[in-house]
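The primary structure of each chain is shown beneath.
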Amino acid sequence: MAAVTSLDVATIRKDFPLLAQVRDGKRITYLDSGASALPPHQVVAAMATYQETTHANVHRGVYATAERATHLYEQARIDVGRFIGAAKPASEIVFTKNCTEAFNLLAQSWGLANLGPNSAIVLTEMEHHANIVPWLQLQTRLGFEIRYLSVAEDRTLDLSNLDQLLDGAALLSVTATSNVLGTVNPIAELASAAHAAGALIAVDGAQAVPHASIDVSALDLDFLAFSPHKVYGPTGIGVLYAKAEHLDAMPPFLGGGGMIKDVRLDGFLAADGPQRFEAGTPPIAEAVGLSAALAYVSGLGLDAIHAHHRSLTTYALSAIASTFGDTVKVQGPADGPNRAGVLSLTVDGVHAHDIAQVLDTYGVCVRPGHHCAKPLMRRLGVNATARASFGIYNDRDDIDLLVEALQATVTMFA
Amino acid sequence: MADLEELYREIILDHYRNPRNRGELDPPAIRVEGFNPLCGDEIVLSLAVTDGVVTDVKVGGSGCSISTSSGSLMSAAVKGKTVDDVRELLATFKGMLSVGDEGEHDPSVEPTPVNLRSLGELAALQGVAKFPVRIKCATLSWNTLAQGLDEIAAD
Ligand SMILES: Cc1ncc(COP(=O)(O)O)c(C=O)c1O
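Criteria and cut-off values
- Residues numbered from 1 in each chain as written.
- Chains lettered and ligands numbered in written order.
- Predicted model: local features only at pLDDT ≥ 70, side-chain atom pairs only at ≥ 80, totals over all residues.
- Heavy atoms only, no water.
- Near = heavy atom within 4 Å.
- Polar contact = N/O pair within 3.5 Å; in protein donor to acceptor, adjacent residues only side chain to side chain.
- Areas by Shrake-Rupley, 256 points an atom, 1.4 Å probe, with all protein chains shown as cover.
- Nonpolar A, V, L, I, M, F, W, Y, C, P; charged D, E, K, R; others polar.
- Pairing = 2+ DSSP bridges.
- Helix = DSSP H or I, 4+ residues; strand = E, 2+ residues; numbered from the N terminus.
- Axes fitted to C-alpha atoms, helices over the stretch in contact; angles between N-to-C directions.
- Contact = heavy atoms within 4.5 Å.
- Core = buried A, V, L, I, M, F, W, Y, C linked by side-chain atoms within 4.5 Å.
- Buried < 20%, exposed > 50% of the residue type's maximum accessible area, 1.4 Å probe, protein only.

Participant: Is there a simple way to explain the site of the ligand in this structure?
Facilitator: Residue and element names in this part refer to chain A. The environment of the ligand is made up of 13 residues, and the closest members are T100, D204, Q207, S227 and K230. Take C99: an N or O atom from its main chain is 3.3 Å from an oxygen atom of the ligand. In this structure, an oxygen atom belonging to the ligand sits 2.7 Å away from a side-chain N or O atom of Q207. Calculation on the ligand without its partners gives an accessible area of 390 Å², and the protein chains cover 87% of this total. In terms of residue class, the shell around the ligand is made up of 3 nonpolar, 8 polar and 2 charged.

Participant: Explain the sheet that holds strand β3 (residues 53-62) of chain B here, please?
Facilitator: The strands making up a sheet associate through hydrogen bonds between their backbones, and the pairing can be parallel or antiparallel. All names here are of chain B. On the basis of which strands lie adjacent, the open sheet formed by 3 strands has the order β1-β2-β3 and antiparallel pairing. Single-partner strands in this sheet number two, and they are β1 (30-36) and β3. Mean inter-strand twist for the sheet, computed between neighbouring axes without regard to direction, equals 20°. Pairing geometry for β1 and strand β2 (residues 41-50), over 7 bridges, is antiparallel. From the neighbouring strand, R31 faces β2, where its bridge partner is S46. Sitting on the sheet, helix α3 (residues 65-78) is in contact with β2 and β3, with an inclination near 165° to β3. Of the strands in this sheet, β1 and β2 touch helix α6 (residues 135-154), which is tilted by about 145° from β1.

Participant: Can you walk me through the nonpolar core in this structure?
Facilitator: Generally speaking, soluble globular proteins have nonpolar side chains that are buried together. In this structure, F16, F95, L172, I201, L224, I392 and Y393 of chain A are the most contacted members of the largest nonpolar core, which totals 79 residues. For this core, the element with the highest residue contribution is helix α11 (residues 284-300) of chain A, accounting for 10 residues. Excluding its chain neighbours within four sequence positions, the residues that come into contact with L224 of chain A are I84, V203, G205, V209, I214, V216, V239, L240 and Y241 of chain A. Core analysis: the next-biggest nonpolar cluster, separate from the first, contains 74 residues, A316 and F390 of chain A together with A124 and F131 of chain B among them.

Here it is in structure tokens:
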């Protein structure tokens with residue numbers, strides 16, 4: 001393995017014009033990459049170049065520009081496949097609208113074909129609604145059982161009854177990293193437990209893919225979903241990886257143009273491969289932007305990014321603990337290798353919305369709310385947290401300002 | 001931080017720290033729930049109406065300083081008023097925050113010139129108009145109240 005070099009944040013920041021802006025005399029301290037990471041100039045430029053020089057619909061034209069557009073789109077698929085270690089990069093990646101649609105596709109295609117009244121799937125209490133609601137929707141149609149791994153007091157997954165829950169289950173669908181707690185789940189262990197029980201494993205990589213390298217082949221994952229806009233790419237595109245043996249057996253999800261081999265008045269023949277799931281004109285410019293984003297993060301090195309986030313997390317957790325004691329709580333596991341840079345803050349007597357409001361006067365952008373994880377919020381006994389999440393452009397100054405702004409919040413509401 | 005002080009006036013912080021009329025009423029008072037899906041605020045409003053007069057109101061649930069203080073201020077303001085007066089107050093309150101009939105804040109709409117004096121302590125919430133995302137927090141209790149009044153009227 002190559003030596004891990006650290007990130008040169010000052011240089012990186014030059015690629016993000018949004019961070020150079022001054023609003024009401026304050027610079028913007030962006031601590032909301034967990035919701036959406038800023039796209040670097042390189043991503044915006046790649047999309048603009050495509051739009052200005054190569055715009056055409058894909059898979060249809062024979063003229064040179066259309067062929068080039070198709071090539072760029074299919075190359076993006078391969079880039080994504082390689083980025084996550086897919087064995088067959090050209091035929092295991094489906095482009096969707098976002099991570100949420102990837103789960104809907106999984107439920108409505110694989111789920112509809114493989115689940116029934118006597119089957120069961122296993123989720124966890126810490127899932128984002130994207131990995132709960134599509135299954136609940138399908139459950140009302142098919143009547144299968146949904147079992148949940150619970151969240152332990154130390155805010156990791158309680159795996160004590162894992163084998164029992166997996167017994168007879170068809171699928172374990174679990175997030176790699178919690179978007180609220182920052183818990184990094186033991187995906188390799190979960191994948192082998194699922195397979196040993198005869199279940200498949202689907203992983204929500206929305207919060208994990210931006211922070212560490214994920215190799216679907218090494219981990220032996222059946223499905224992986226993630227959102228490019230959290231990996232410094234554009235909004236409007238999502239990714240579902242499905243191992244070829246599953247993808248090839250899955251029925252289509254959305255119907256229309258692009259996903260067919262033939263259509264007659266009384267029936268249709270679905271296309272092969274990922275195209276079977278890509279009805280209508282796909283997000284072409286976004287795919288081009290995604291390629292550029294993956295090239296950008298690969299250039300920095302995922303190991304360096306991971307080390308950077310680890311070091312910011314350690315710094316932030318200790319700064320908050322030493323400044324505030326028990327007044328400001330960080331909901332999530334203690335610091336350690338399996339603690340990601342997602343800090344969900346709660347302050348007794350101060351609502352998350354008010355925390356975020358005061359922080360905004362310092363130019364500090366954090367997210368208040370339930371973070372689309374209401375079952376987890378109920379488990380934690382809170383109705384909202386103010387979440388700070390780190391990206392490649394953050395440094396210790398950002399955390400110092402966060403602490404200063406939190407101090408003002410506590411003073412104001414004390 | 002002039003703006004923040006406009007938002008978090010002393011009256012608001014006071015009603016947040018010591019909300020009035022907390023709790024729930026027993027039937028026949030009706031119970032209405034309101035949610036702000038954006039931030040997870042929840043309100044449970046109990047409402048007793050006799051002969052067209054709001055005789056009692058209690059507020060439960062949990063929320064931010066703006067939604068909690070708004071619920072508290074509202075409960076104090078509507079108790080003892082006729083339903084018609086309460087509806088008028090509701091319209092005036094929404095006018096102060098530039099909230100249209102559809103319940104959405106429309107920044108292009110000038111705030112309705114309202115008689116702030118008729119709002120009494122409720123006028124403390126006028127600073128919220130400058131913070132569009134917080135308007136939903138200030139109107140949650142009022143929208144829940146309107147829902148309750150509609151339910152009673154439909155009976
Ligand atoms: C863990 C997790 N899963 C799924 C999603 C959904 O992503 P998107 O909104 O892009 O579909 C998010 C982000 O909001 C997330 O954090």
